[in-house]
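# Structural characterization, general
Below are the chains, spelled out letter by letter.
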Amino acid sequence: MKRLICLVMVIMACAVTASSQQIASKTAGLQKIDGYFPIYWDEKNGKMWMEISRFNKEMLLQVSLPTGVGSNPIGLDRGQLGAGRVVYFERVGQKILMVQPNYRYRALSSNAAERKAVEDSFAKSVIWGFKAEADEAGRVLVDATAFFLRDAHGVADRLRQARQGSYRLDESRSAFYLPRTKGFPLNTEVEVTLTFASDGETGPLVRDVAPTANSITVREHFSFVELPDLGYKPRKFDPRSSSFDVEFYDYASPFNEPIEKHWIARHRLEKKDPNAAISEPIKPIVYYVDNGAPEQIRRALIEGASWWNQAYEAAGFKNAFQVKVLPEDADPMDVRYNVINWVHRSTRGWSYGSTITDPRTGEIIKGHVTLGSLRIRQDFMLGTGMIPSYAANGMADECEFAMMPDLEYLADTSEIEAMSIARIRQLSAHEVGHTIGFAHNYAASSYTTADQSWIIQLRWSR
Ligand SMILES: [Zn+2]
């Protein structure tokens, strides 16, 4: 009996040691990537550890797809933004829950009990459960390997929806991608290489783009980001401005007023001198053009996007909107960069502008433009179809052409090239327009040109 008690005591002592183990000793010898959430790379075991010290404090968790499948109809493009969520960590003993609060239903009230009544009336979502493996002065170490090494972007679902096969994540062919796993004071970025395997039949679209169709490898990215401070003032949505908006239900609104609230989406922009008619901003909005775009295209993208500066000037801001080339060491998926990406696919498809928006306020945290690179080739082909190929040079009549088909490209194409580049400038301006918060303004298009109507929209929205 005495021996049994001894054994129990030894086991208990072990348990206590495990739970109160110091983070320093548990992470000794691991590569520390310091930042918003310090993470530790355990090279020997292929594990990623995460240190959590912020509890019950909201942050943004953003998932994205830095490398694509390359097929427009499948719709898994390089640089695609996935779900963005506000989350916080809640500690219950050794368990750490990652909770997503519900911002769709709220009470805009100074009465805490009123806010709580609404909060408790609607579901929250616990996204993940971690276990505290070490514990030190309010900081906790968790094994986050399984949290990161998973298909958070929904690639397998998308492949199935596109009828390209039934794919599963193969862990043995998946790993952390360390060149894009980084820590910064206000954000921690983690990237993983994931391979999706299929034992069954594969679809024609994946066979078109993947070197081995039953093995599709892409990368997914996670960003943990400090949410903006609450210095941003939300602005009520006005349907005449045709802005994108955040929508929610405010249960504290007077019962004779609409419960549904809409606030516009826009970047934060404040004048250095609030009394000046035109002032420089405290912090400009900077967009970065893909450094992987060819030089000629890059210039057109910068020029077109920069037109927006005129609109901001008309709204009272000087040098508020700037466009630069993405620095070589910067990661376009890093949420601190507004980007204009030049994206390749096997066939032509849509270009689009998306945003990461703070769901609490409507503040745009990141503008993210995806431009399909084949468009300019299509515009060029349309142009060549609209001019007489040979008359310009006087080189060939129909008879000669039949014998010498190579003559086709001897026509003067400089005007078509200029038209194609002009379209890229417009496209850049157009998609950036979406990422600064504007939908298509069909109403205003009827009395002015589309781009002028957007300038009017911008004036209204500031
Ligand atoms: Zn559009």
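Rules used throughout
Residues numbered from 1 in each chain as written. Predicted model: local features only at pLDDT ≥ 70, side-chain atom pairs only at ≥ 80, totals over all residues. Helix = DSSP H or I, 4+ residues; strand = E, 2+ residues; numbered from the N terminus. Buried ≥ 20, exposed ≤ 12 C-beta atoms within 10 Å, placed from the backbone. Contact = placed C-beta atoms within 7 Å. Pairing = 2+ DSSP bridges. Axes fitted to C-alpha atoms, helices over the stretch in contact; angles between N-to-C directions. Parallel < 35°, antiparallel > 145°, perpendicular 65-115°, else oblique. Left-handed = near helix turned anticlockwise from the far one by under 90°. Nonpolar A, V, L, I, M, F, W, Y, C, P; charged D, E, K, R; others polar. Core = buried A, V, L, I, M, F, W, Y, C linked by C-beta atoms within 7 Å. Expected span 1.5 Å × (residues − 1).

## Regarding the overall build of the protein
Helix and strand counts for the protein stand at 13 helices and 21 strands. Every one of the 462 residues in the protein was classed for burial, and the buried ones make up 32%. Taking contacts inside the protein between residues at least 6 apart in sequence as the whole, the part at least 24 apart equals 69%.

## A look at the sheet that holds strand 19 (residues 338-343)
Taken together, the five strands give an open sheet; going across it, the order is 18-17-19-21-20, and neighbouring strands pair in mixed fashion. Unpaired on one side and paired on the other, strand 18 (321-325) and strand 20 (352-357) mark the two borders of the sheet. Each strand axis lies, on average, 20 degrees off the axis of its neighbour in the sheet, ignoring direction. Where strand 17 (residues 285-289) lies against strand 19, three bridges are found, and the strand directions are parallel. Its bridge partner lying in strand 19, Tyr-288 is registered against Val-339.

## Let's talk about the sheet that holds strand 16 (residues 260-264)
With mixed pairing, three strands are arranged side by side in an open sheet as 7-15-16. Both outer strands of the open sheet, strand 7 (105-106) and strand 16, are each paired with one neighbouring strand and no more. For strand 15 (residues 245-250) and strand 16, the ladder comprises five bridges, and the chain directions are antiparallel. Counterpart to Glu-247 in the pairing with strand 16 is His-262.

## Some remarks on the packing of helix 7 (residues 295-306) against helix 11 (residues 414-435)
Where helix 7 meets helix 11, the closest approach of the two axes is 7 Å, and the angle between their N-to-C directions is 50 degrees. Classified by the angle their axes make, helix 7 and helix 11 are oblique. Viewed along their axes, helix 7 and helix 11 form a crossing whose handedness is right-handed. Every residue of helix 11 that contacts helix 7 at Ile-297, Ala-300, Leu-301, Glu-303, Gly-304 and Ala-305 is listed here: Ile-421, Ile-424, Arg-425, Gln-426, Leu-427, Ser-428, Ala-429 and Val-432. Looking at the contact of helix 7 with helix 11, its residues break down into nine nonpolar, three polar and two charged.

## With respect to the environment of Trp-350
Mapped onto the elements, Trp-350 comes out in the loop between strand 19 and strand 20. Sequence spacing of Trp-350 and Gly-372 is 22 residues, and the spatial spacing of their C-alpha atoms is 6.5 Å.

## Focus on unusual backbone geometry
Within the chain, Arg-163 stands out as a residue other than glycine whose phi angle is a positive 55 degrees. Within the fold, Arg-163 resides in the loop between helix 5 (155-161) and strand 10 (168-169). For Arg-163, a count of 10 C-beta atoms within 10 Å gives the class exposed. For Asn-319, which is not a glycine, the phi torsion comes out positive at approximately 50 degrees. Along the chain, Asn-319 turns up in the loop between helix 8 (308-314) and strand 18.

## Describing the packing of helix 9 (residues 375-386) against helix 11
Orientation of helix 9 relative to helix 11, taken along the N-to-C sense of each, is 140 degrees, at an axis distance of 9 Å. As the angle between them shows, helix 9 and helix 11 are arranged oblique. When the axes of helix 9 and helix 11 are compared, the crossing they make is right-handed. Together, Arg-375, Ile-376, Asp-379, Phe-380, Gly-383 and Thr-384 of helix 9 and Ile-416, Glu-417, Met-419, Ser-420, Arg-423, Ile-424 and Leu-427 of helix 11 make up the contact between the two elements. When the residues that make up the contact of helix 9 with helix 11 are grouped by side-chain class, the tally is six nonpolar, three polar and four charged.

## Considering the pairing of strand 13 (residues 187-197)
The buried fraction of strand 13 amounts to eight of the eleven residues, a majority that puts the element mostly inside the structure. With two bridges connecting them, strand 11 (residues 175-176) and strand 13 associate as antiparallel partners. Residue Phe-176 lies in a different strand from strand 13, and its bridge partner there is Val-192. Where strand 12 (residues 182-184) meets strand 13, three bridges bridge the pair, whose relative direction is antiparallel. Within strand 13, the residue paired with Lys-182 across the bridge is Glu-189. Connecting the antiparallel pair strand 12 and strand 13 is a turn made up of two residues. Summarising the sheet, strand 13 and strand 14 (residues 215-226) pair through eleven bridges and their orientation is antiparallel. What sits directly across from Ala-197, in strand 14, is Ser-215.

## A word on the nonpolar core
By size, the foremost hydrophobic cluster in this structure holds 41 residues, and its most contacted members are Ile-39, Met-48, Trp-49, Val-142, Ala-144, Phe-148 and Val-218. In terms of residue count, strand 14 provides more of this core than any other element does, five residues in total. When residues no more than four places from it in sequence are discounted, the contact partners of Val-142 are Trp-49, Met-50, Ile-52, Ile-96, Phe-130, Lys-131, Ala-132 and Glu-133. The next biggest cluster of nonpolar side chains, apart from the first, holds 30 residues, and it includes Tyr-287, Val-339, Trp-342 and Val-343.

## Let's talk about helix 11
If you check helix 11, its first and last C-alpha atoms are 32 Å apart, about what 22 residues at 1.5 Å a residue would give, namely 32 Å. What helix 11 keeps buried is the set Ser-420, Arg-423, Ile-424, Leu-427, Ser-428, Ala-429, His-430, Glu-431, Val-432, Gly-433, His-434 and Thr-435. Gly-437 sits one or two positions beyond helix 11 and adopts a positive phi of about 115 degrees.

## Notes on the environment of Ser-110
Locating Ser-110 in the fold gives a position in the loop between strand 7 and helix 3 (112-119). We classify Ser-110 as exposed; it has 8 C-beta atoms within 10 Å. Expressed as a C-alpha distance, the spacing of Ser-110 and Ala-252, which sit 142 residues apart in the sequence, is 9.7 Å.

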